[in-house]
Amino acid sequence: MTRLHDIARYGRTVRHLDPGQVAWRVRYALDRRGLKRRVPDWKAGGQLDPAVLVRVREYLCRCARHDPLAPGRLDPLRRNEAHFMGIAADLSVPVDWRRGGMPRLWRYLLHYFDYARDLARADLYEPDASDAARLRAWLDDWITGNATGESPGWDAFVIAARLMNWIQALAVLPVASLRIVKSLATQAAYLSRHIEHDVRANHLLKDAQALIVAGMALGRATGAGREALRAGLPLLERELAEQVLDDGGHYERSPMYHVQVLRDLVLVHAALESPPGFVVEAIARMTTFLKRVLHDDGGIPLFGDAVFDDGGHPEGLIAVACEQCGLEAPARPGACYALAPTGYYVLTTSNGRGRLIAKAGMPGPRYQLGHAHSDMLSFELSVGRQRFIVDAGVREYEPGPWREYCRSTRAHNTVMVDGREQIECWHGFRVGRRYAPGQIRFESSGESPMLEASHDGFLPFTHERVIVLHQGRFWLVIERIGGPRTCRVQDFVHFHPEVALQRGDEEWVAQRGREAVTVVPFGVDRVARACGTEGPHQGWYCPAFGRALPAECLILEKRATCPDALGYAIFPENVDVLRSSQLHELAAAYLGNRA
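Residues numbered from 1 in each chain as written. Predicted model: local features only at pLDDT ≥ 70, side-chain atom pairs only at ≥ 80, totals over all residues. Heavy atoms only, no water.

A closer look at the sheet that holds strand 3 (residues 336-339)
Sheet strands line up and pair through hydrogen bonds in the backbone, either parallel or antiparallel.
Alright, step 1. Strand order across the open sheet formed by five strands is 3-4-5-6-7, with antiparallel pairing between neighbours. Looking at the sheet topology across the chains shown, the edges are occupied by strand 3 and strand 7 (386-389). Taking the axes of each pair of neighbouring strands and ignoring which way they run, one obtains an average angle of 20° across the sheet.
Alright, step 2. Bridge analysis of strand 3 against strand 4 (residues 344-348) gives four bridges, and the strand direction is antiparallel. Bridge assignment links Ala338 to a residue of strand 4, and that residue is Tyr345.
Alright, step 3. Together, strand 3, strand 4 and strand 5 (354-359) form the strand contacts of helix 13 (residues 277-293), whose direction differs from that of strand 3 by roughly 135°. (Pairing = 2+ DSSP bridges. Helix = DSSP H or I, 4+ residues; strand = E, 2+ residues; numbered from the N terminus. Axes fitted to C-alpha atoms, helices over the stretch in contact; angles between N-to-C directions. Contact = heavy atoms within 4.5 Å.)

Quick look at the pattern of salt bridges
Alright, step 1. The tally for this structure, following the rule as stated, stands at 48 salt bridges.
Alright, step 2. Arg387 is the partner of Asp297 in a salt bridge, and the nearest nitrogen-oxygen pair spans 2.7 Å. Of this pair, Asp297 sits in the loop between helix 13 and helix 14 (314-325) while Arg387 sits in strand 7, and the two are 90 residues apart along the sequence. (Salt bridge = Lys/Arg side-chain N within 4 Å of Asp/Glu carboxyl O.)

Considering the side chain of Gln21
Alright, step 1. Within the secondary structure layout, Gln21 lies in helix 2 (residues 19-32).
Alright, step 2. Since its relative accessible area comes to 4%, Gln21 is described here as buried.
Alright, step 3. A polar contact of 3.4 Å, which involves the side chain of Gln21, links it to the backbone oxygen of Tyr367.
Alright, step 4. In this structure Gln21 touches His197, Asp198, Val199, Arg200 and Tyr367, once residues within four positions along its chain are discounted. (Buried < 20%, exposed > 50% of the residue type's maximum accessible area, 1.4 Å probe, protein only. Polar contact = N/O pair within 3.5 Å; in protein donor to acceptor, adjacent residues only side chain to side chain.)

Regarding the side chain of Gln422
Alright, step 1. By the element assignment, Gln422 lies in the loop between strand 8 (415-417) and strand 9 (425-426).
Alright, step 2. Residue Gln422 is classed as buried on the basis of its relative accessible area of 0%.
Alright, step 3. Side-chain polar atoms of Gln422 contact the backbone nitrogen of Asp375, separated by 3.3 Å.
Alright, step 4. Excluding residues within four positions of it along the chain, Gln422 makes contact with Ser374, Asp375, Met376, Thr409, Thr414, Val415, Arg433, Arg434, Tyr435, His455, Gly457 and Phe458.

Now the structure itself:
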């Protein structure tokens, strides 16, 4: 029975892939078995293009001004130390490039060479005579210790990240020997034969961006430069047209990957002598989108696979992008607005201090949901610069209990019906069954702006959520459950780990620093509470890879007789709190008006 279940689940997954993805996966599988090991012989010059390096250095100077490294990140690098996912890496030469027992992502991070880029950025404003020798030693040691084609160092995405990081580092610390230049050309040539047409999504963009940056650095006049640009530029144009949606959001619906794609695209702009219009236009739209989805603390919401990226701060990236491309600083359109193509909706209180960012729409591109979560109709909420209600984030990408938890419905501020998941997440990045969103209605004007959306992920049951910003003062979250029979409903509310939660009569008061919000449930049978539990996991916040912090979670439970309604209200401080019975009547009035 288990084998039949696995076969059926696999079938539900692969049927959504494009035929080309399957064909490319077969080709690359044969390649890994040694049937096709030939690497194109791209002829490189004796040095990197100095004009390109100057432009990349100027870009890094903008980063240093607008988005400096976090305090404390430089000193370990100058001691040949780095930390990935909270685990130390010894970068003393010779480096153990295959360090066993580490998660795959940890080993990828070692081979990405983000730390080389960071060392170079720091050297711009805090120079040290040893930095150039340190970089040269790292690069030479990697070339010596990683034979062509060996995983993980020669996996396509890893090559792409490393090419861009090496070139940024070499723009500041000019130690590019003939051996290093030849290695850059070989890595770009290998990448051109292993472009991730099987994975697609942000991986394809990364491959294209790396080939362009490498091609420019190797020089348009060289065979290596011409070939890299010939492979990268058309691919980038094609993929940006598909992957950047009309509102500027990246189509995987993960704010973290949106930031990464945008950051790499700004580097591409810096490397190119005359950036084409499609690059500038994509940067402008992506920068505007990013500004509109940030909390007032300047950070991204943790929807989908998202953590707070060590590569820099979003506000700093926006400033760098605008200066690099000569763009005006983007602004938000108003208190309440929709980014409908991506599926993000913002409801801000009339005094401007409370901000709710909701997610309602497709989970991502049909053929690639590797970074999707069961977070349809979830939201995050902040007051001032303090986050109160948060999504769980991501602890790791390795298959297991943590990966399963962070992608599950119960890790998000939404509803679970009869223990069913919105989408069928399995292994590390696979999705079988998935929901279809119903009609989405958003009203940003009027006295009480609202979002109404639904999905069919719990068939034969349905879940519709209405979020009302009542009179611009507090949020009313109404759940409407439909189906053929009685069912168990759980409504999850996850708090930031710095929130202190206290129970009152009917209400729950969440205090964080000087700010507070009050949550009042209505129409529920009981309210459970979890914080940092395991078996199964519940009440965890994972803001960075390798970190999991215990955090309070309220679980509103009801045995629902369909159709049925329940929910809760969230009151910022200094707003009169209504009782549960009053909220039930208010919700009924809203549902009646929407019928």
